[in-house]
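So the chains spell out like this:
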Amino acid sequence: MHSEWNQWIWSALDIPPSDDERTVKRAYAKRLKVVRPDDDPEKFQALRQAYERALALIEHSFSRKDEELEPPAAAQDAVAAGQTAAHTEVETAALSQPAAGKRAVALHQDQASLLEAVQPAFDAAAAADSLWQALMLKMTPGQLRYTSAILANFVKTEDFENFDVRDAFEFHAMQYCASQNADQTARAAMVEHFGWVDNAQHLFQHNPELARTALARYQADQGYKWLENAAIVGSKVALALIQTVVPKRSMRLYERKFVAEMKELVQRIRWHSSELLAYRLNAEVFAWWERQVHTPRLSVHSGVVALLCGALVFGLLRALCASLIPEKLQDAVALAGFALIEAGALWLAYLAVKKGILQRVMQWLYARHLTKRVQVGWMPLFVLCSTAAMFDLRGEWAHGLIDAGLFACLLLSSFAAWRFLNIVGFIIVVLLASVLGGIGGLGFSIFPGFGFWECSLIALPIATMLVRGGEYYYGLSNFSGSSLWKIRLAWLGIAGLVFYLGTLATPEHYIVPAVAAWIWSLLSFPIANVYLGSGATGMRVYAFGLVTIVASAVLEKTIPSIHLTSTMLLVMALFIGCNIQVCRDSGRKFS
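Remember, predicted model here, so these are calculated numbers, not experimental data.

Caption draft 1: Quick look at the overall build of the protein chain. For the protein chain, the helix and strand inventory stands at 28 helices and 0 strands. Relative to its 591 residues, the protein chain shows a buried fraction of 39%. For the protein chain, contacts bridging at least 24 residues in sequence account for 74% of all contacts bridging at least 6. Only carbon and sulfur atoms are counted for the fraction: they give 62% of the accessible area of the protein chain, which is about 34,300 Å².

Right, here's the structure in full:
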């Protein structure tokens, strides 16, 4: 109780070592008036642990005294034989001479105290040293993986019932865990067995620096094990950080996803797992990656977006300025202009990244692009411009105005969907837009007077809506889920009527049913998903839709009564019917 391992207990209670339970409780109550949990939680926790440990020491001390004062079994038998004969005489003598009995009891207590005083003091530190050496002999290199089981069985011996021996043994374990050459499995087993993560106050009181180092190395081992497991399951970021050689270069720095994950992990290690960097990771490798991911550079994704924007700008300028360039020089001027515009787009994107403009723009986009006004506000303008393009307008100003409106719709629709489309989604959007643009370039178009670029401007927002799916857009509306089947049935009924009128129209008077079919097809996007599954199934459905559109464009020249917009209306009706069937089986609103 009075060993050096327990001095922190009495220091926290502000009393000298005592065997009196009432003294400990009074000291604890007195200290509670000064140490409050709201003012200093750590100090209050240390006081509470000291109080509980002091009560445990007192209880253990009294149990040991009772065992020492209890006579051996042979002596108990001998005394029991004589007690039976002299029991009556002793009782009579005790009743007649109470003062003599009291003096005998006092003499017995004095003798017990004298015997306890002359006994040699128990050396807890030496006993702990012997136990630790015995444990080290069992922990051979081949048995380190079983440290947890070995330690659990080892501490069940009677020697560990002594609190001083246990504290001294834990100090040896703490020294081992704080050493650099300690085995990771053994360190983890000791820390978890003794519960130091939750309660190591007694170790911090004795040697705070050593205790802090032991726990830091344990946490570093756990963090490094997490990195190794992450690298095994395919994390390229974790694999890069656990390397021991500083890389000269890495092409992954041009991948936006890799750079974002590396920034997040580096920041987490720097601010929340500093012990991992101090004891396990290569500091030079970590510093290299930290410096590289914070260096502004143009990613592949940003470069592709810049090239696409440059191509759109080139197409718009070519459509507006085609009449100003001589016919013989149009191809050469177009090639040179395309190269200059693409190079300029890449340079502007690089400057935006280097100056931090792109980061501020991205923050602004993140804050505003999820609003309903941004997500669906461009759709009425798109319906108006695409419908106007179906009429045979002769004036260049009308074509220029429609092109400007469609280009604005393209930018707004891309802005609304850029966070939701993955690489596959972007590929599908570009393919669908290219097919529709190619149809317009070949002359099989529902937009007279418009070529490849103008048709692509119309196709890109349509492809974006198809890939996003009707489930998202319907969620932005004010209609309830129970009304969806009614809306779908109403749409199918009107679509059948519009399709029938389209088959009756003559080539000279096709514009009215064609416009009706076009507008009604656009209104079907919020109530149907145009895919029946994911992966290859979804790609087959997209291919089916594209082949249907191409076939209808070809049939437009051979059978005038079948118009492209009527075929699109029929395709969307097919998708809505599939949605209704699949949703009836699965119980979902959308397939």
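Caption draft 2: How the structure looks around a negative patch on the surface. Judged by side-chain charge, D38, D39, D40 and E42 come together as a negatively charged surface patch. In this structure, D38 sits in the loop between α2 (21-32) and α3 (41-69). Assessed through its relative accessible area of 73%, D38 is described here as exposed.

Caption draft 3: Structural view of the nonpolar core. Core analysis: the biggest nonpolar cluster contains 46 residues, and F382, I462 and W491 have the highest contact counts within it. For this core, the elements supplying multiple residues, two or more each, are α16 (300-321), α20 (379-388), α21 (396-417), α23 (452-468), α24 (470-476), α25 (484-504), α26 (511-522) and α28 (564-586). W491 has contacts with W520, S521, L523, S524, I527, L569, M572, A573 and I576, leaving out every residue within four places of it along the chain. Judged by nonpolar contacts, the second largest core, of 34 residues, contains V155, F171, A214 and L215.

Caption draft 4: How the structure looks around the packing of α16 against α23. The interhelical angle for the contact between α16 and α23, taken along N-to-C directions, is 135°, at an axis separation of 9 Å. In this view, α16 runs oblique relative to α23, as classed from their interaxial angle. As α16 runs across α23, the sense of the crossing is left-handed. Counted together, A311, L312, F314, G315, R318 and A319 of α16 and W453, E454, L457 and L460 of α23 form the full contact between these two elements. Of the residues assigned to the contact of α16 with α23, the class counts are 7 nonpolar, 1 polar and 2 charged.

Caption draft 5: Expanded view of the environment of A56. Note that A56 resides in helix α3. It is 8.8 Å that separates the C-alpha atoms of A56 and F163, two residues lying 107 residues apart in sequence.

Caption draft 6: Representation of the packing of aromatic side chains in the model. Under the definition given, this model contains 12 aromatic pairs. Aromatic side chains W347 and Y350 sit 5.9 Å apart centroid to centroid with 35° between the ring planes, which places their arrangement in the tilted category. Linking W347 with Y350, this pair stays in helix α17 (residues 330-354), spanning 3 residues, or about one helical turn. Given the relative accessible area of 30%, Y350 is considered partly exposed. An aromatic cluster is present here, built from W132, F154, F169, Y176, F194 and W196 joined pairwise through their rings. Over the aromatic face of Y224 sits the side chain of R280, whose NZ or CZ is 4.2 Å from the ring centroid.

Caption draft 7: Quick peek at the packing of helix α6 (residues 124-138) against helix α8 (residues 163-178). Close contact between α6 and α8 brings their axes to 8 Å; oriented N to C, the two are set at 50°. Our classification of the angle between α6 and α8 gives oblique. At the point where α6 passes α8, the crossing takes the right-handed sense. For the pair α6 and α8, the contacting residues are A124, A125, A127, A128, D129, L131, W132 and L135 in the first and D164, V165, A168, F169, H172, A173 and Y176 in the second. Grouping the constituent residues of the contact of α6 with α8 by class yields 12 nonpolar, 1 polar and 2 charged.

Caption draft 8: Highlighting the environment of E59. Considering the arrangement of structural elements, one finds E59 in helix α3. Note: C-alpha distance between E59 and E21 (38 residues apart in sequence) is 8.8 Å.

Caption draft 9: Here's a closer look at the pattern of salt bridges. One pass over the structure, following the stated rule, counts 7 salt bridges. Put simply, E170 and R166 hold a salt bridge, and the shortest N to O gap is 3.6 Å. Highlighted residues: E170 and R166, both in helix α8, separated by 4 residues, approximately one helical turn. Linking D221 and R187 is a salt bridge whose minimum nitrogen-to-oxygen distance equals 2.4 Å. Separated by 34 residues along the polypeptide, D221 in helix α11 (residues 208-232) and R187 in helix α9 (residues 184-194) bring together distant segments of the chain. If you follow the salt bridges from partner to partner, you end up with R187, D221 and R280 in one network.

Caption draft 10: Focus on α23. Given a rise of 1.5 Å per residue, 17 residues ought to cover 24 Å, and the 24 Å separating the end C-alpha atoms of α23 matches this to within 8%. Of all 17 residues that make up α23, 15 are buried, and the element is covered over most of its length. In the stretch just after α23, G469 is the one whose phi turns positive, near 90°.

Caption draft 11: Focus on α2. Given a rise of 1.5 Å per residue, 12 residues ought to cover 16 Å, and the 17 Å separating the end C-alpha atoms of α2 matches this to within 8%. Inspection of α2 places V24, A27, Y28 and R31 among the buried residues, and these make up the whole buried set. Viewed along the axis of α2, the buried residues span an arc of 100°, placing them on a single side of the element. Residues R22, R26 and K30 are exposed on α2 and point more than 90 degrees away from its buried face.

Caption draft 12: Looking closely at the confidence of the model for the protein chain. Averaged over all residues, the pLDDT of the protein chain is 76; the fraction at 70 or higher stands at 75%. Note on residues 73-120: pLDDT is under 50 here. Beyond four places in sequence and across chains, it has 5 contacts.

Caption draft 13: Looking closely at the environment of D392. On the secondary structure map, D392 appears in the loop between α20 and α21. For the pair formed by D392 and I511, sequence separation is 119 residues and the distance between their alpha carbons is 9.9 Å.

The rules behind each value
Residues numbered from 1 in each chain as written. Predicted model: local features only at pLDDT ≥ 70, side-chain atom pairs only at ≥ 80, totals over all residues. Heavy atoms only, no water. Helix = DSSP H or I, 4+ residues; strand = E, 2+ residues; numbered from the N terminus. Buried < 20%, exposed > 50% of the residue type's maximum accessible area, 1.4 Å probe, protein only. Contact = heavy atoms within 4.5 Å. Areas by Shrake-Rupley, 256 points an atom, 1.4 Å probe, with all protein chains shown as cover. Patch = residues over 30% accessible without salt bridge, like charges linked within 9 Å, V, L, I, M, F, W, Y side chains within 5 Å. Salt bridge = Lys/Arg side-chain N within 4 Å of Asp/Glu carboxyl O. Lys, Arg positive; Asp, Glu negative; His and termini not counted. Charge placed at Lys NZ, Arg CZ, Asp CG, Glu CD. Core = buried A, V, L, I, M, F, W, Y, C linked by side-chain atoms within 4.5 Å. Axes fitted to C-alpha atoms, helices over the stretch in contact; angles between N-to-C directions. Parallel < 35°, antiparallel > 145°, perpendicular 65-115°, else oblique. Left-handed = near helix turned anticlockwise from the far one by under 90°. Nonpolar A, V, L, I, M, F, W, Y, C, P; charged D, E, K, R; others polar. Phe/Tyr/Trp six-rings, centres within 6.5 Å; stacked < 30°, edge-to-face > 60°. Lys NZ or Arg CZ within 6 Å of the ring centre and 35° of its normal. Expected span 1.5 Å × (residues − 1). Arc of directions from axis to C-beta. pLDDT = per-residue confidence, 0-100.

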